[in-house]
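# An overview of the molecular structure
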Amino acid sequence: MNGYNFAYLDEQTKRMIRRALLKAVAIPGYQVPFGGREMPMPYGWGTGGMQLTASILGGDDVLKVIDQGADDTTNAVSIRAFFERVAGVETTTATAAADVIQTRHRIPETPLEHDQILVFQVPIPEPLRFIEPSEQETRLMHALEEYGVMHVKLYEDIARYGHIATTYAYPVKVDGRYVMDPSPIPKFDNPKLDMSAALMLFGAGREKRLYAIPPYTRVESLDFEDHPFEIQQWDEHCALCGSDHSFLDEVITDDAGNRLFICSDTDYCLTRRGEVA
Amino acid sequence: MYVAVKGGEQAIANAHRLLADRRRGEREQAELSVEQIGGQLRLAVDRVMSEASLYDPELAALALKQASGDLVEAVFLLRAYRTTLPRLAVSEPLDTGTMRIERRISAAYKDIPGGQVLGPTYDYTHRLLDFMQLAEGETPEPARADAALARCPQILDLLNAEGLIEREHDDGSEPADITRDPPDYPVDRAARLQMLARGDEGYLLALGYSTQRGYGRNHPFAGEIRLGHVDVEIHVKEWDETICIGEIALSECQMINQFGGSREVAPQFTRGYGLAFGHNERKTLAMALVDRALRAEELGEPISGPAQQAEFVLAHADSVEASGFVSHLKLPHYVDFQSELELLRRLRKAHGNARGSGDAAMEDAV
Amino acid sequence: MLWPALTDPVHDSQRLFRQILQAMSEPGTLHELCAPCPPRDASIGPALWGALLTLCDLDTQLWIDPALDSPELRDALHFHTGCRLTQDATLADFALVTPDTLAREIDFAIGNDSYPDRGTTLLVAVEYLSDDGPWQFSGPGIETQRCLGVGNAHALMSRLSVNRSRFPCGLDAILACGTRLAAIPRSTRIVNRQQEDRACMSQ
């Protein structure tokens, strides 16, 4: 695109983000502050993920963008079109064909492979933020590895509801050290973080933080011996592909409140239907 | 079969075409020019420049036109453009003492050296709708002074000479640059003033107002408000010379606040400071109040009001960040919502079962 | 050209960065960098020169060990990256070193508990780099275990071995020999197999 550098960001900004990414990878789960820039899209709409994608993307890369698991939701379409325009890269909807996948709120159902990079859009990177709003305080808690408050919060849920009432953005501990927010993915996706073959990068543009989980890194979801971590389950199967093991979205089909369930991962669902058919 | 709402590229493109149509309005009407916006809606232009941190009246006017007059959207457009610009040079600190004055008032003294200059102000206008403007009446030429205003001394410097007001020291250190480095709380005053200068006017106004109503009161006097043009200079290393590269319009407010003092330091007035591009007087007053409120910890005052809590005030001042994150609620969240639905149904089922068995037990007892 | 640089700065630096990122994400893996030859008389190979061109700019401070320093290298770095050179290792974002540099008591930045990222990244010119060696790694980026040979680099490896005891503070290292590059971040657990074997035999 005329007037702008390859992938929009100028080279100095990319280098700043690249240096921060190396530190993020070296200290898994630690939130590295970075000089986040304004992007031509609103904060909160994926500017952090986009800055990371822009900094790592090359002309030969094939890019996939998903929002809520789907390739054709408005924001995914918009971000994909942005990179087609400013970087001229090839894009795909096929998880297996992508080198870089930018995502909001899901990890694809198809297991990621070595050499793939998953870039998460993160709204609030600080897992302790809703317990302690002050950045100065949460920074100290991470420094001292003082995570008791998080366990207290989860245990209060159990006392009140009999369950941990956190269903998405469920906190994890990375390589036994940092408690990390995996972004608002459903906790259904948390097990995919553990010992993943792919590199996972997390970008929070408005909050100006980035962090990473290298491939093959231990990632545990916080839990208790008497209340082990568990994921969502559905009694239904996907109405389109029949899957009984993927994350399902509920679709209301008429005024009477009838509903059906379909895979949130559109590529996974389409691929299965191709196989089934 | 019904499938979930899908947005296609075509839908987005159509939405943007419709937006352009609404922006243009009735085609029989003449199109609004960027020059007209710059010339006749200049206070909006100044506010957009200030909060976007980019001094370019023409592009700010363009942003206003493109945003159909939505100030927050226009600030965002200009800020997003600003971030792509290379940094060619760093200017010398601006000297507002050399300002070519267009307006300058002090509420602290009746008369001041150089005089009170009202300039172009809405103050003392009776807020009566002027129906002449509806009929597009002629505007008379303004009365102008014969001679340009001489350089006016700054009121706070006069107090400074007497030692009545705290001195500001330049320790020569490199100031933080909030456009390059994320805020590292607690931030120093230089970073704080930068954050306030690009902060949303309405937000700062409300916070400043709250200090006047007792939530962190600091007894302010508008020591001096000045508005005019200041030279921008850069130092050219190769020539070892400082050259003027142009001038910009600025508004500045220096607030005088109640004295502090301690066993070591004699009581003296303290300062709050506000600065903005263009004619942005209300913004600078609010900024000065909030700047002073945020000095509570430094001056050993009790922190009792929201305007005194630095991290709270500063982290939420930027309208580009705030409007982005609030409006992101419009994006699909159905995966997260589905997760909550699943849990809520499970909890309600468990609740029902517990109540059901409880009722049965009661009946057994009876 | 006297000071060889990247032919296509935008795309070459992207490609090199991705290799360095992968090296740092998967400690001990070897990567062949297609990078320009370093300035004449410089004692570093193309991989390290490529890393410098990719990572350094006006915003970074570089510390250079006298053993690797030369006027040509300085001129070329200044011209292509604009990075600032520092004598104070505690201020260095990057340090261009040999394994022996680490035998001396030089205080590189290791960050602090609140900001562990504010540490120096070592760019180490090694004389040997292969996947058969006595150093055995485990930790993030390594599925089970991985081995690396770095030649005679005991001072370096023992310095990096103590990283874990200070984690999250520590030093991250990018090692290069000729066109070959590997990385050892602070998260890596390092043991020397030969020493382990000897310890086993003596028991």
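Residues numbered from 1 in each chain as written. Chains lettered and ligands numbered in written order. Predicted model: local features only at pLDDT ≥ 70, side-chain atom pairs only at ≥ 80, totals over all residues. Heavy atoms only, no water.

## A look at the overall build of chain A
We apply this condition: Think of it this way: any DSSP run of H or I at least four residues long counts as a helix, any run of E at least two long counts as a strand, and we number them from the N terminus. Three labels apply to residues, based on accessible area from a 1.4 Å probe with only protein chains included: buried if under 20% of the type maximum, exposed if over 50%, partly exposed otherwise in between. Contacts are residue-level and defined by heavy atoms, with any inter-residue pair within 4.5 Å sufficient. For accessible areas, the Shrake-Rupley method is used with a probe of radius 1.4 Å. Any residue's cover is judged against the shown protein chains and nothing else. Lys and Arg are tallied as positive, Asp and Glu as negative. Neither His nor the chain termini are counted. Note that the charge is assigned to NZ on lysines, CZ on arginines, CG on aspartates and CD on glutamates.
Scanning chain A from N- to C-terminus turns up six helices and twelve strands. Based on the C-alpha atoms only, the size of chain A along its principal axes is roughly 55 × 55 × 35 Å. Burial status across chain A gives 65% buried among its 277 residues. Contacts spanning at least 24 positions in sequence make up 61% of the contacts within chain A whose residues lie at least 6 apart. If you sum the accessible surface of chain A, you get close to 9600 Å²; carbon and sulfur atoms cover 49% of it. In chain A, which carries 26 positive and 42 negative side-chain charges, the distance between the mean positions of the two groups comes to 7 Å.

## Side note on the overall build of chain C
Threshold: For this measure, only C-alpha atoms enter the radius of gyration; the expected value for a globule follows 2.2 Å times N^0.38, where N is the number of residues.
When helices and strands are tallied, chain C shows six helices and ten strands. Since a compact globule built from 203 residues should have a radius of gyration of about 17 Å, the 17 Å found for chain C is in line with a globular shape. Counting only C-alpha atoms, chain C reaches 60 × 35 × 30 Å along its principal axes. By residue count, 60% of the 203 residues in chain C fall in the buried class.

## A few points about the interface of chain B and chain A
Here is the rule we go by: Throughout, buried area stands for the accessible area (probe radius 1.4 Å) lost by two parts on being put together, summed over both. The salt bridge definition used is simple: a Lys or Arg side-chain nitrogen within 4 Å of an Asp or Glu carboxyl oxygen. We call two N or O atoms a polar contact when they sit within 3.5 Å, provided that within protein one can donate a hydrogen and the other can accept it, with sequence-adjacent residues counted only if both atoms are side-chain atoms. In this classification, the charged set is Asp, Glu, Lys and Arg, the nonpolar set is Ala, Val, Leu, Ile, Met, Phe, Trp, Tyr, Cys and Pro, and all remaining amino acids, among them Gly, are polar.
Taken together, the contact pairs 43 residues of chain B with 59 residues of chain A. Among the residues chain B hides against chain A, the three largest losses belong to Leu-331, Val-335 and Gln-338 of chain B. Together they make up 12% of the total. Here Glu-250 of chain A and Arg-345 of chain B are joined by a salt bridge, their closest N and O atoms 2.8 Å apart. Counting across the chain B and chain A interface gives 22 residue pairs in polar contact (both at pLDDT 80 or more). At the level of elements, helix H1 (9-24), helix H5 (71-82), helix H12 (319-327) and helix H13 (334-365) of chain B are the ones that each hand at least two residues to the side of chain B that touches chain A. With twelve residues, H13 of chain B is the single largest residue contributor to the side of chain B that touches chain A. Taken together, the residues of the side of chain B that touches chain A sort by class into 19 nonpolar, eleven polar and 13 charged.

## Some thoughts on the domain arrangement of chain A
When the parts come together, some accessible area is lost, and that loss is often what is quoted as the size of the interface. Residues and elements named next belong to chain A. To keep things clear, this is the line we draw: Segment limits for the domains were obtained from an automatic or database-derived domain assignment.
In terms of domains, chain A is made up of domain 1 (11-127 + 169-220) and domain 2 (232-277). Relative to domain 2, the C-alpha centre of domain 1 lies at a distance of 25 Å. Each partner contributes to the interface: domain 1 provides 16 residues, whereas domain 2 provides ten residues. Both sides together, the interface formed by domain 1 and domain 2 hides about 1000 Å², and carbon and sulfur atoms give 48% of it. For the domain 1 face of the interface with domain 2, the top three residues by lost area are Arg-106, Glu-109 and Phe-188, together amounting to 46%. In this assembly, domain 1 and domain 2 are joined by zero salt bridges. Along the contact surface separating domain 1 from domain 2 lie eight residue pairs in polar contact (both at pLDDT 80 or more). Of the residues contributing to the side of domain 1 that touches domain 2, the split by class is five nonpolar, five polar and six charged.

## Here's the deal with the interface of chain A and chain C
Opposite the 40 residues of chain A that make contact, chain C presents 42 residues. Both faces combined, the contact of chain A with chain C buries some 3300 Å², and carbon together with sulfur accounts for 58% of it. Considering only the surface of chain A that becomes buried against chain C, Arg-19, Leu-22 and Lys-23 of chain A emerge as the three largest contributors, covering 20% of it. For the interface between chain A and chain C, the tally reads six salt bridges. The salt bridge involving Lys-23 of chain A is made with Asp-172 of chain C; its shortest N-O contact spans 2.8 Å. There are 19 residue pairs in polar contact (both at pLDDT 80 or more) connecting chain A and chain C.

## Side note on the pairing of strand E4 (residues 94-97) of chain C
All names here are of chain C. Basically, it comes down to this: Following DSSP output, two strands are said to pair if at least two bridges run between them.
Taking every second residue as pointing to the same face, both faces of E4 are buried, with Phe-94 and Leu-96 on one and Ala-95 and Val-97 on the other. As judged from the three bridges shared by strand E2 (residues 61-64) and E4, these two strands associate in the parallel manner. Across the sheet, the residue bridging to Ile-64 is Leu-96, located in E4. Alignment of E4 against strand E5 (residues 121-125), held across four bridges, turns out to be parallel. In the strand pairing of E5, Phe-94 is matched with Thr-121.

## Examining the sheet that holds strand E8 (residues 172-177) of chain C
With mixed pairing, seven strands are arranged side by side in an open sheet as E1-E9-E8-E5-E4-E2-E3 (chain C). The open sheet has two edge strands, strand E1 (31-32) and strand E3 (84-85) of chain C, and neither has a second partner.

## So, the nonpolar core
As a reminder of what qualifies: Buried Ala, Val, Leu, Ile, Met, Phe, Trp, Tyr and Cys residues form a nonpolar core when they are joined through side-chain atoms within 4.5 Å.
Of all hydrophobic cores here, the largest spans 88 residues; its most connected members are Phe-83 of chain A together with Ile-44 and Leu-96 of chain C. Here this core takes eight residues from helix H1 (residues 11-26) of chain A, the largest share from any one element. Contacts of Leu-96 of chain C, omitting those with residues within four sequence positions, involve Ile-44, Leu-48, Leu-52, Leu-62, Trp-63, Ile-64, Asp-65, Leu-68, Leu-73 and Leu-123 of chain C.

## Considerations on the layout of surface pockets
Our working rule: Residues are said to line a cavity or pocket when one of their atoms sits within 4 Å of a point; the points come from a 1 Å grid over protein atoms alone, cavities being sets where a 1.4 Å probe fits but cannot get out and pockets being open sets with protein on both sides within 12 Å along at least five of seven lines. Grid points are joined across faces, edges and corners, and a volume is the space filled by probe spheres set on the points.
In this structure, the second largest pocket spans a volume of roughly 1800 Å³. Lining of the second largest pocket is provided by 43 residues; of these, Pro-40 and Met-41 of chain A together with His-16, Glu-73 and Leu-77 of chain B occupy positions nearest its centre. Listed by contribution, the elements that provide at least two residues to the lining of the second largest pocket are helix H3 (74-87) of chain A together with H1, helix H4 (57-66), H5 and H12 of chain B.

## Remarks on the sheet that holds strand E6 (residues 172-174) of chain A
Residues and elements named next belong to chain A. Here is the rule: Note on geometry: axes are lines fitted to C-alpha atoms, helical ones only across the stretch in contact, with angles between N-to-C directions running from 0 to 180 degrees.
Taken together, three strands build an open sheet; the order of strands is E7-E6-E10 and the sheet is antiparallel. The outermost strands of the open sheet, each flanked by one partner alone, are strand E7 (178-180) and strand E10 (219-221). Between one strand axis and the next, the sheet turns through 30° on average, direction left out of account.

## A few points about unusual backbone geometry
The residue after Tyr-185 of chain B, namely Pro-186 of chain B, is reached through a cis peptide bond having omega 0°. In this model, Phe-167 of chain C is joined to Pro-168 of chain C through a cis peptide bond whose omega is 10°. Locating Pro-168 of chain C in the fold gives a position in the loop between helix H5 (163-166) and E8. We note that Ala-7 of chain A has phi near 65°; this positive angle belongs to a residue other than glycine. For Ala-7 of chain A, the location among the structural elements is in the segment before H1. We classify Ala-7 of chain A as buried; its relative accessible area is 0%. Of note, the phi angle at Ser-68 of chain B is positive, near 55°, even though the residue is not glycine. With respect to the helices, strands and loops of the structure, Ser-68 of chain B is situated in the loop between H4 and H5.

## Quick word on the packing of helix H1 (residues 9-25) of chain C against helix H2 (residues 46-55) of chain C
All names here are of chain C. Operational definition: With respect to orientation, any angle under 35 degrees is reported as roughly parallel, any angle over 145 as roughly antiparallel, any angle of 65 to 115 as roughly perpendicular, and every other angle as oblique.
Where H1 contacts H2, the two axes come as close as 9 Å, and the packing angle between them is 110°. As the angle between them shows, H1 and H2 are arranged roughly perpendicular. Counting all contacts with H1, which are made through Ser-13, Leu-16, Phe-17 and Ile-20, the residues of H2 involved are Gly-50, Ala-51, Thr-54 and Leu-55. Its residues assigned to classes, the contact of H1 with H2 shows five nonpolar, three polar and no charged.

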